[in-house]
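The primary structure of each chain is shown beneath.
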Amino acid sequence: GKILFNVTVEGTNINTQSLTNAFLWRYNMDLYIVARIASKLLAKLKDAHHRLQRLDEARFFYESPDAIWKDLGIQGLLHRKFDILLDKYMVKKDLPWWRRILTSQGSFRQEALSSMILTVFNQNISDVHALAGLMAFMLATDDALYHIKGGNAKLMSTAWNQAKEARAKKCPGKEGLLSHVEKEVSTVVGSIHGFDLYNE
C-alpha cells in the first residue's frame with residue numbers, strides 16, 4: 001500500500017501532512033534522496049511510450065529488452081544491485097552518529113525500503129537490482145501507478161483460487177482432485193481460454 005495515508009492512532013487522527021512530516025523527520029535526507037532518484041526514473045519510464053511509438057515504423061525495431069533500457073538511459077539500473085546504488089547516494093544501512101542522538105530516527109533503507117521490496121517482490125533488499133528497488137518504492141508511494149495491491153506474492157494465491165473456482169464449475173464433485181505441485185515451468189501455451197503450463 002501507500003506510505004503516506006490517513007491513520008488513527010490512539011484515537012487521534014493523523015492527517016497526511018503530519019504523517020509526511022513524521023516520515024521526513026524519521027528518515028531525513030534518505031527519503032528525499034530516494035524519492036528524487038525515483039522521480040527521475042519515473043519521468044524516463046513515462047517517456048517510454050513516445051519512444052515505443054517508433055515501433056510502428058516498419059524500419060525500426062528493438063533487438064532486445066536491453067536495447068529498450070539503453071534507449072531510455074536506465075540500463076545501468078538493471079546491472080547494479082540496489083544496495084550498491086544506495087551506497088553511491090549515501091543512503092546508509094546504519095544511522096550516522098548525529099542522527100542517533102536525535103529522537104525518533106530510523107534507517108530508511110533497513111525499515112521502509114526493505115519492507116517495500118519484501119511486499120512488492122517477496123525478495124530481500126540485497127537480492128534485487130536497482131530498477132526493482134526503485135520500482136518497489138514508486139509502487140508503495142504512488143497509488144496512481146498500476147500494481148498488485150499487497151505485492152506480487154498475491155499472484156500465486158489468486159491463481160490458485162481461480163483454478164479451484166474453474167475446477168468447481170467445469171468438474172462438479174471433483175474439486176478435491178486439484179493439487180498444488182511445485183515444478184519449474186519450461187513451456188507455456190496460451191489460448192483465448194487460458195494457459196497450459198508444461199515442465200518438460
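You'll find the structure just up there.
Not measured: the values here are computed from a predicted model.

1. Observations concerning the nonpolar core
- In terms of nonpolar packing, the biggest core is built from 36 residues, with F82, F108, L113, L134 and F137 touching the most fellow members.
- For this core, the secondary structure elements donating two or more residues are α1 (16–46), α5 (82–88), α7 (108–121) and α8 (130–141).
- With 10 residues, α1 is the largest single contributor of residues to this core.
- What L113 contacts, discounting residues up to four positions off in sequence, is V34, F82, L86, F108, I125 and F137.

2. Examining the packing of aromatic side chains
- Throughout the structure, instances matching the rule amount to 3 aromatic pairs.
- When the ring of F108 is compared with that of F137, the centres are 6.1 Å apart and the planes differ by 80°; the resulting orientation is edge-to-face. Placement of the pair is F108 in helix α7 and F137 in helix α8, with a sequence separation of 29 residues. For the pair F108 and F137, one class covers both residues: buried.
- Members of the aromatic cluster, joined through ring pairs, are F23, Y27, F108 and F137.

3. Overview of α7
- The sharpest bend along α7 measures roughly 25° and falls at S114.
- For α7, the full list of buried residues reads F108, R109, A112, L113, S114, M116, I117 and V120.
- One or two positions beyond α7, positive phi appears at N122, with a value near 55°.

4. Thoughts on the layout of surface pockets
- In this structure, the second largest pocket encloses a volume near 280 Å³.
- Forming the boundary of the second largest pocket are 15 residues, of which I37, K44, L77, L85 and Y89 lie nearest the centre.
- Broken down by element, the lining of the second largest pocket gets its largest block of residues, 5 residues, from α1.

5. Let's talk about unusual backbone geometry
- With a phi close to 65°, M90 is a non-glycine residue in the positive phi region.
- Relative to the elements of secondary structure, M90 occurs in the loop between α5 and α6 (97–100).
- Positive phi outside glycine occurs at S104, with the angle close to 55°.
- Checked against the element boundaries, S104 lands in the loop between α6 and α7.
- Taking relative accessible area as the criterion, S104 reaches 49% and is therefore assigned partly exposed.

6. Some remarks on the packing of α7 against α8
- Running from amino to carboxyl end, α7 crosses α8 at an angle of 90°, the nearest separation of the two axes being 9 Å. The angle between α7 and α8 falls in the class roughly perpendicular. Mapping the contact onto sequence places F108, L113, M116, I117, V120 and F121 in α7 and A132, G133, M135, A136, F137, L139 and A140 in α8.
- Taken together, the residues that form the contact of α7 with α8 break down as 12 nonpolar, 1 polar and no charged.

7. Regarding the side chain of S107
- Checked against the element boundaries, S107 lands in the loop between α6 and α7.
- Exposure remark for S107: the relative accessible area of 9% places this residue in the buried category.
- Here K93 takes part through its backbone oxygen, which lies 2.8 Å from a polar atom of the side chain of S107.
- In terms of polar contacts, S107 uses its side chain to reach the backbone amide nitrogen of Q110, at 3.1 Å.

Reading guide: rules and limits
- Residues numbered from 1 in each chain as written.
- Predicted model: local features only at pLDDT ≥ 70, side-chain atom pairs only at ≥ 80, totals over all residues.
- Heavy atoms only, no water.
- Core = buried A, V, L, I, M, F, W, Y, C linked by side-chain atoms within 4.5 Å.
- Buried < 20%, exposed > 50% of the residue type's maximum accessible area, 1.4 Å probe, protein only.
- Helix = DSSP H or I, 4+ residues; strand = E, 2+ residues; numbered from the N terminus.
- Contact = heavy atoms within 4.5 Å.
- Phe/Tyr/Trp six-rings, centres within 6.5 Å; stacked < 30°, edge-to-face > 60°.
- Bend = angle between axes of the 7 residues up to and from the residue.
- 1 Å grid on protein atoms, 1.4 Å probe; cavity = no way out; pocket = protein on both sides within 12 Å on 5 of 7 lines; lining within 4 Å.
- Points joined across faces, edges and corners; volume = space filled by probe spheres on them.
- Axes fitted to C-alpha atoms, helices over the stretch in contact; angles between N-to-C directions.
- Parallel < 35°, antiparallel > 145°, perpendicular 65-115°, else oblique.
- Nonpolar A, V, L, I, M, F, W, Y, C, P; charged D, E, K, R; others polar.
- Polar contact = N/O pair within 3.5 Å; in protein donor to acceptor, adjacent residues only side chain to side chain.

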